[in-house]
Amino acid sequence: MTLPNISVFLTANPAKAQTDVKPSELTPAYPAAPPPPQIQPLPDERNLEENSIETDYRVSNLLKDFRGNLWVGSWRGLSRIDPKTGKILARVNLPNIAIGALAQDKVGRVWVGTYEGLMRVDPRTNEITAQNLFLPSKRVLSMLVDKRGYLWAGTDSGLALVSPDQGLIMTTVKNLPGVSANTLTLDADGQLWVGTLDGLVQVNTANAYIIKRIDGLPGTSVQTLAISPEGLIWAGMSNNLLVIDPKTDKVLRSVTPLRGKNVTAVRFAQDGSVWVGTSNGLLRLNPNTGAVLDQVAGLPSSRVLALVPDISNKLWIGTSEGLAWLMPKMNGAKPHLAFTRAVK
């Protein structure tokens, strides 16, 4: 994670800038004066402190593996936990902790997309292998394993198809409409849908050719995708949640309670309901009517980043301030103390 140059903020301090101005250049309304004593960090400096690696508790990625364990990708590293007990089974010491995506291939290896490229983790030994692949960009935002077992890696500059067994790039989709592959999902036919900065793109998984594009959507940038049991696309936007028929490319509806909301995560549960995470809370919806069934309290932060339902009868929630879980008939979510600011 690259922090901005602090000197930029210091020179933006008007009090500091005033001391560099010659007295003759000062206007009469603002006579020269020493800056006031600095007691608390200035807003820009405080923002740097809150976003520094040491204090960043965001859990941006969650992955259920074949054994039923939960992988937690946070900005402090990668961990594997037992979802029944919450016990941490392993911590993986990744050299770069800004994790953008997680996926598991057909033989159980866990692929970690970071902001410095791809890495592969052997869950039996926790051995890390860096993948020195020429991706369209090193900043990996999304990953998915298709029905044939190939790995798709979405970056902020395009899409790549990787052979997990050979560790080689098979092809790239550099001229992706909408440029950034923010989120990926597979439809019922096994074709890939990509949420980009400018709508949706369908990609043929057999040859990496673009099949079609759906643009002109209200909200433009697609941040999260999910396929309903009926095969409809639910697309979370920065100000909307849309339901789209992939056969006709038509927007069937804009989900009323989410209009104007920043939708960050959408997942369907086994009971048919749909969980929707936003930058201001977590909702459970009736997928047929869009009616709000539940609004979840007790989250470490109202900014939801990742959701995985139906693991050990729990919904797992990654937020900007840590990990939480929710069981049916609970009044609110419970934070996992190993991944929140409460325990350092």
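Up top you'll find the structure we're talking about.
These figures come from a predicted structure and were not determined experimentally.

Participant: Would you explain the pairing of strand 21 (residues 263-268) in this entry?
Facilitator: Successive residues of a regular strand alternate their side chains across the two faces of the sheet. Burial analysis of strand 21 places 5 of its 6 residues in the buried class, which makes it a mostly covered element. In this sheet, strand 22 (residues 274-278) lies alongside strand 21 in antiparallel orientation, the contact comprising 5 bridges. The partner of Arg-267 across the bridge, within strand 22, is Trp-275. In this antiparallel pair of consecutive strands, strand 21 and strand 22, the connection spans 5 residues, and Gly-272 shows a positive phi of 95°.

Participant: What's the story with the layout of surface pockets in this structure? I'm lost.
Facilitator: The rolling of a water-molecule-sized probe over the atoms marks out the regions of remaining empty space. In this structure, the largest pocket occupies an estimated 1,800 Å³ of space. Along the walls of the largest pocket sit 46 residues, with Asn-61, Thr-183, Leu-184, Thr-224 and Arg-267 positioned nearest its centre. Elements represented by at least two residues in the lining of the largest pocket include exactly strand 1 (59-64), strand 5 (99-104), strand 9 (140-145), strand 13 (183-186), strand 17 (222-227), strand 21 and strand 25 (304-311). Per-element tally for the lining of the largest pocket: the top contributor is strand 5, with 6 residues. When its residues are assigned to classes, the lining of the largest pocket shows 28 nonpolar, 13 polar and 5 charged.

Participant: When you look at the environment of Thr-183 in this model, what are you seeing that I'm missing?
Facilitator: Following the sequence through the fold, Thr-183 ends up in strand 13. Between the C-alpha atom of Thr-183 and that of Val-194, which follows or precedes it by 11 residues, the distance is 5.9 Å. Once you skip the residues sitting within four places of it in the chain, Thr-183 turns out to touch Ser-142, Trp-193, Val-194, Gly-195, Val-222, Gln-223, Thr-224 and Leu-225.

Participant: Would you take a moment to explain the sheet that holds strand 27 (residues 322-326) for this structure?
Facilitator: Sheet strands line up and pair through hydrogen bonds in the backbone, either parallel or antiparallel. Strand order in the open sheet made by the 4 strands is 25-26-27-28, with antiparallel pairing throughout. The strands lining the two open edges of the sheet, one partner per strand, are strand 25 and strand 28 (334-335). Pairing between strand 26 (residues 314-319) and strand 27: 5 bridges, direction antiparallel. Within strand 27, the position partnered with Leu-315 by the bridge is Leu-326.

Participant: For this particular structure, what's the right way to read the pairing of strand 10 (residues 151-155)?
Facilitator: Across the 5 residues that make up strand 10, a large majority, 5, are buried. Covered by surrounding structure in strand 10 are Leu-151, Ala-153 and Thr-155 together with Trp-152 and Gly-154, the residues of both alternating faces. Between strand 9 and strand 10, which pair antiparallel and follow one another directly, the connecting turn spans 5 residues, one of which, Gly-149, has a positive phi of 100°. With 5 bridges joining them, strand 10 and strand 11 (residues 158-163) adopt antiparallel strand pairing. Pairing of Gly-154 across the sheet is with Leu-159, part of strand 11. Connecting the antiparallel pair strand 10 and strand 11 is a turn made up of 2 residues.

Participant: Can you help me understand the pattern of salt bridges in this one?
Facilitator: Pairs may arise between side chains of opposite charge once their charged atoms sit close together. Applying the stated rule across the entire model yields 12 salt bridges. Residue Arg-124 pairs with Asp-122 through a salt bridge whose shortest N-O separation is 3.1 Å. By sharing partners, the salt bridges in this structure join Asp-105, Arg-109 and Asp-165 into a single network.

The rules behind the values
- Residues numbered from 1 in each chain as written.
- Predicted model: local features only at pLDDT ≥ 70, side-chain atom pairs only at ≥ 80, totals over all residues.
- Heavy atoms only, no water.
- Buried < 20%, exposed > 50% of the residue type's maximum accessible area, 1.4 Å probe, protein only.
- Helix = DSSP H or I, 4+ residues; strand = E, 2+ residues; numbered from the N terminus.
- Pairing = 2+ DSSP bridges.
- 1 Å grid on protein atoms, 1.4 Å probe; cavity = no way out; pocket = protein on both sides within 12 Å on 5 of 7 lines; lining within 4 Å.
- Points joined across faces, edges and corners; volume = space filled by probe spheres on them.
- Nonpolar A, V, L, I, M, F, W, Y, C, P; charged D, E, K, R; others polar.
- Contact = heavy atoms within 4.5 Å.
- Salt bridge = Lys/Arg side-chain N within 4 Å of Asp/Glu carboxyl O.

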